Amino acid sequence: MRMILLGKPGGGKGTQATLLKEHLDVPQISTGDILREAVKNGTPLGKEAKNYMDAGKLVPDDLIRGLVEERLSQDDIGKGFIFDGFPRTLAQAEGLKKIADKLGISIDKAVYIDVPTDKIVKRLSGRRSCACGAVYHIESKRPKIEGVCDACSGKLYQRDDDKEDVIKQRIEQYEAQTMPLIDYYRKEGKLVTIDGDQDIDEVFNDIKRGLGI
Ligand code: AP5
């Protein structure tokens, strides 16, 4: 299965991608995680991306396209992959099509996790993340020990872009640049829409049902 997870910032893409990658045994490709790692390591990509990310703006398409092309050239994608947070613009979707054509593959499904905007601030301001990629929430997904990751015992932290003013900017960027992708994948006959305003397990069950997996 080669799939894309679409949805608002904080809509649960990362949470569902983590469950799906276990279920399908395919890698999760999160452009956000790749960029945060690049920022942490101070690579040229990280240095260029940081200002955009801190401001809640999208990183330019040409940088994203390069990192996706490189990631898809690795040999762990034979059984498929889950894109989490990519594509984010029509140009990225067209770019993905070209990369996929070059590799002789195509995207099977785009899952749109639909969550009302008024729920987003609460989800993001209560999110706690771990460097290993695990994601928690102070109310809906608590770790066993407060502030400590269940998976790796790492210290949980709050992402810099999970502050209210940056969240507002991220939602604006989503509405202007990413929302058109819902129609794009609907027209391609690949869209599966899921009600994301339910418990994490219920969303996961609906995705599995929607994909027939
Ligand atoms: P990125 O890291 O992709 O952030 P995002 O899309 O804004 O999405 P999030 O990771 O914030 O949310 P999510 O949907 O994964 O939700 P989660 O599962 O964590 O991007 C960050 C930045 O990088 C961008 O702003 C941009 O600058 C740059 N970037 C990345 N990709 C790019 C691209 N392709 N092009 C250009 N720029 C790019 O859930 C959120 C919280 O809610 C968690 O606490 C979770 O526990 C909780 N939760 C999840 N599901 C539920 C539920 N069903 N009920 C209750 N709580 C829930």
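Residues numbered from 1 in each chain as written. Predicted model: local features only at pLDDT ≥ 70, side-chain atom pairs only at ≥ 80, totals over all residues. Heavy atoms only, no water.

Draft legend 1. Highlighting the sheet that holds strand 3 (residues 81-84). The five strands are arranged 2-3-1-4-7 in an open sheet whose pairing can be described as parallel. Of all the strands in the sheet, just strand 2 (28-30) and strand 7 (191-195) have a single pairing partner and so form its edges. Between one strand axis and the next, the sheet turns through 20° on average, direction left out of account. Bridge analysis of strand 1 (residues 2-7) against strand 4 (residues 109-114) gives five bridges, and the strand direction is parallel. Its bridge partner being in strand 4, L6 is matched across the sheet by Y112. (Pairing = 2+ DSSP bridges. Helix = DSSP H or I, 4+ residues; strand = E, 2+ residues; numbered from the N terminus. Axes fitted to C-alpha atoms, helices over the stretch in contact; angles between N-to-C directions.)

Draft legend 2. Spotlight on the packing of aromatic side chains. Counting across every chain of the model gives three aromatic pairs. Note on Y184 and Y185: the rings are 4.9 Å apart at their centroids and 80° apart in plane angle, and the pair reads as edge-to-face. Grouping aromatic residues by their ring pairs yields a cluster made of F81, F83 and F86. Sitting above the plane of the Y136 ring, K141 keeps its charged end 4.8 Å from the centroid. (Phe/Tyr/Trp six-rings, centres within 6.5 Å; stacked < 30°, edge-to-face > 60°. Lys NZ or Arg CZ within 6 Å of the ring centre and 35° of its normal.)

Draft legend 3. Expanded view of helix 8 (residues 180-187). Taken together, the buried positions of helix 8 are L181, I182, Y184 and Y185. Axial view of helix 8: buried residues confined to an arc of 160°, hence all on one face. One or two steps after helix 8, the chain reaches G189, where phi turns positive at roughly 75°. (Buried < 20%, exposed > 50% of the residue type's maximum accessible area, 1.4 Å probe, protein only. Arc of directions from axis to C-beta.)

Draft legend 4. Local environment of a negative patch on the surface. A cluster of acidic residues, D114, D195, D199, D201 and E202, forms a negative patch at the surface. For E202, the position within the fold is in helix 9 (residues 200-211). (Patch = residues over 30% accessible without salt bridge, like charges linked within 9 Å, V, L, I, M, F, W, Y side chains within 5 Å. Areas by Shrake-Rupley, 256 points an atom, 1.4 Å probe, with all protein chains shown as cover. Salt bridge = Lys/Arg side-chain N within 4 Å of Asp/Glu carboxyl O. Lys, Arg positive; Asp, Glu negative; His and termini not counted. Charge placed at Lys NZ, Arg CZ, Asp CG, Glu CD.)

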